Amino acid sequence: MITKESPIAVVDSGMGGITVLRKLHRLMPNENYIYFGDSANSPYGTKTKEEIRLLTVNAVESLMKRGAKSVVIACNTATSAAAGYLREKYPDYPFVGLEPALKPAALSSKWPRVLVLATPLTLKEEKFNNLMARFEGEAEFIKLPAPELVGFVERGEVDTQECTEYLERILEPYADHKVDAVVLGCTHFPFARKEIQSILGEEVLVFEGSMGAAKQCQRLLAQRDLLTDSTQEGIISFENSDESKIEQCIKMFGFNDV
Ligand code: DGL
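Throughout what follows, the structure given in this document is the object of discussion.

Regarding the overall build of the protein chain
Here comes step 1: Helix and strand counts for the protein chain come out as 11 helices and 9 strands.
Here comes step 2: Computed over its C-alpha atoms, the radius of gyration of the protein chain comes to 18 Å, within 12% of the 18 Å expected for a compact globule of 258 residues.
Here comes step 3: Across the protein chain, the fraction of contacts at a sequence separation of at least 24, relative to all contacts at a separation of at least 6, is 79%.
Here comes step 4: Total accessible area on the protein chain is roughly 11700 Å²; 50% of this is exposed by carbon and sulfur atoms.

Regarding the sheet that holds strand β4 (residues 95-97)
Here comes step 1: Across the sheet, which stays open at both edges, the 5 strands sit in the order β4-β3-β1-β2-β9 with parallel pairing between neighbours. Looking along the sheet, the strands with just one partner apiece sit at the ends: β4 and β9 (236-240). Taken pair by pair, the neighbouring strands of this sheet meet at an average axis angle of 15°, ignoring direction.
Here comes step 2: In the packing of helix α3 (residues 76-89) onto the sheet, contacts are made with β3 (70-73) and β4, and the angle to β4 comes to roughly 155°.
Here comes step 3: Contacts between helix α11 (residues 246-253) and the sheet are confined to β2 (33-37) and β9, with β9 contributing the most and set at about 135° to the helix.

Topic: the site of the ligand
Here comes step 1: The local shell around the ligand holds 13 residues, among which Ser13, Tyr44, Gly45, Thr77 and His188 are the closest.
Here comes step 2: Residue serine 13 places a side-chain N or O atom 2.6 Å away from an oxygen atom belonging to the ligand.
Here comes step 3: In the model, a nitrogen atom of the ligand is placed 2.8 Å from a nitrogen or oxygen of the histidine 188 side chain.
Here comes step 4: Compared with its free state, where it exposes 300 Å², the ligand has 99% of that area covered by protein.
Here comes step 5: In terms of residue class, the shell around the ligand is made up of 5 nonpolar, 7 polar and 1 charged.

Comments concerning the nonpolar core
Here comes step 1: Leu149 and Leu171 are the most contacted members of the largest nonpolar core, which has 53 residues in total.
Here comes step 2: Membership of the second largest hydrophobic core comes to 23 residues, among which are Ile34, Phe36, Leu63 and Ala83.

Notes on the layout of surface pockets
Here comes step 1: Reported here for the largest pocket is a volume of approximately 450 Å³.
Here comes step 2: In this structure, the largest pocket is lined by 27 residues; those nearest its centre are Gly97, Leu98, Glu99, Ala213 and Gln216.
Here comes step 3: Elements that contribute at least two residues to the lining of the largest pocket include exactly α3, β4, α4 (102-106), α6 (126-134) and α10 (210-223).
Here comes step 4: Here the lining of the largest pocket gets 4 residues from one element, more than from any other, and that element is α10.
Here comes step 5: For the lining of the largest pocket, the residue count by class is 15 nonpolar, 5 polar and 7 charged.
Here comes step 6: Space inside the second largest pocket adds up to approximately 300 Å³.
Here comes step 7: When contributions to the lining of the second largest pocket are tallied by element, the ones reaching two or more residues are α7 (147-154), α9 (193-200) and α11.

Looking at the sheet that holds strand β8 (residues 205-207)
Here comes step 1: Strand order in the open sheet made by the 4 strands is β6-β5-β7-β8, with parallel pairing throughout. Two strands lie at the open edges of the sheet, namely β6 (140-145) and β8, each paired on one side alone. For this sheet, the mean angle separating the axes of adjacent strands, direction not counted, is 20°.
Here comes step 2: Here strand β5 (residues 113-118) runs beside strand β7 (residues 181-184); their pairing, made up of 4 bridges, is parallel. What sits directly across from valine 116, in β7, is valine 183.

Thresholds applied
- Residues numbered from 1 in each chain as written.
- Predicted model: local features only at pLDDT ≥ 70, side-chain atom pairs only at ≥ 80, totals over all residues.
- Heavy atoms only, no water.
- Helix = DSSP H or I, 4+ residues; strand = E, 2+ residues; numbered from the N terminus.
- Rg over C-alpha atoms; globule rule 2.2 N^0.38 Å.
- Contact = heavy atoms within 4.5 Å.
- Areas by Shrake-Rupley, 256 points an atom, 1.4 Å probe, with all protein chains shown as cover.
- Pairing = 2+ DSSP bridges.
- Axes fitted to C-alpha atoms, helices over the stretch in contact; angles between N-to-C directions.
- Near = heavy atom within 4 Å.
- Polar contact = N/O pair within 3.5 Å; in protein donor to acceptor, adjacent residues only side chain to side chain.
- Nonpolar A, V, L, I, M, F, W, Y, C, P; charged D, E, K, R; others polar.
- Core = buried A, V, L, I, M, F, W, Y, C linked by side-chain atoms within 4.5 Å.
- Buried < 20%, exposed > 50% of the residue type's maximum accessible area, 1.4 Å probe, protein only.
- 1 Å grid on protein atoms, 1.4 Å probe; cavity = no way out; pocket = protein on both sides within 12 Å on 5 of 7 lines; lining within 4 Å.
- Points joined across faces, edges and corners; volume = space filled by probe spheres on them.

Structure representation (C-alpha cells):
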C-alpha cells in the first residue's frame, strides 16, 4: 500500500539521474528515495527505442510493485522512449519525466542561438522534435548529439584530458560565445557543466531540467496528499544493475557542482 512514508523512486540508465536526485533531496530532504541506475545496460542513448522502452518499463514497474509513491524517470532518453506508454498504462500514477529545457532557453533573450546537447535517441525522437517546433519561432536551435560524454560520466572520467579533448572537438564550432545558450538535454551532462561552460564561454546561459522535475514531483505528491509528515532527513537507497557501481553512485551524489 502506498502511504506518505513510501519512497520516491528515481531511475536512470546509470549515474545521470543523480543530478535529479540531488535536486529532489534538496527540495524534499525528509522523503525516502530509491535510486536505481541501470549501469549494466548503459548507455541507453544509442539503443533502439524498443530496447530502451523495455528496460525502462521493467525498472519502473518493479519499483511500482515495491510501493514507490512516485517514479521519476530521471533520463531524457528513457522519458522519450517510455513515458507515454507508462502514462497510458497507469493514467492515475504520478510519473515525472525529463525533457530538454528548450522553453526557458528559447525565452532567455531575443532570438537566441541555442545549442542542444543530448543523446542521439532524444534528438531524433518525435517528442523532442514536436517540442522544438513549438519554440522555433523564438530561437535558433542547433542539435548536437554527445553520446561519448555519457561514457565519460559513467566511468567517472569527466576531469580527464581525454574527456576535455572530446568536448573541445565537438564544441569547437560553437566555442567562444558563438551561441547564447546551451541546453543540457541529458541528465548525465550537468556533471560536465563546468567543462562545457568554459569551452563555450562564461556568458553562455546553461539550462537543464532537474529542478523543474523535482518541483513537478513535489506538486504531484502534494495534490495526492502523499508528501511525508516526517521532520527527519530521509534515507536514500542506491541500487544498480551493476552492483560494482553502487559506491560510485554514492560518491557522485556528493559531487557539489550539480
Ligand atoms: N541520462 C540519459 C538522458 O538523460 C541518457 C544516458 C544514456 O545514453 O544512457 O538522456
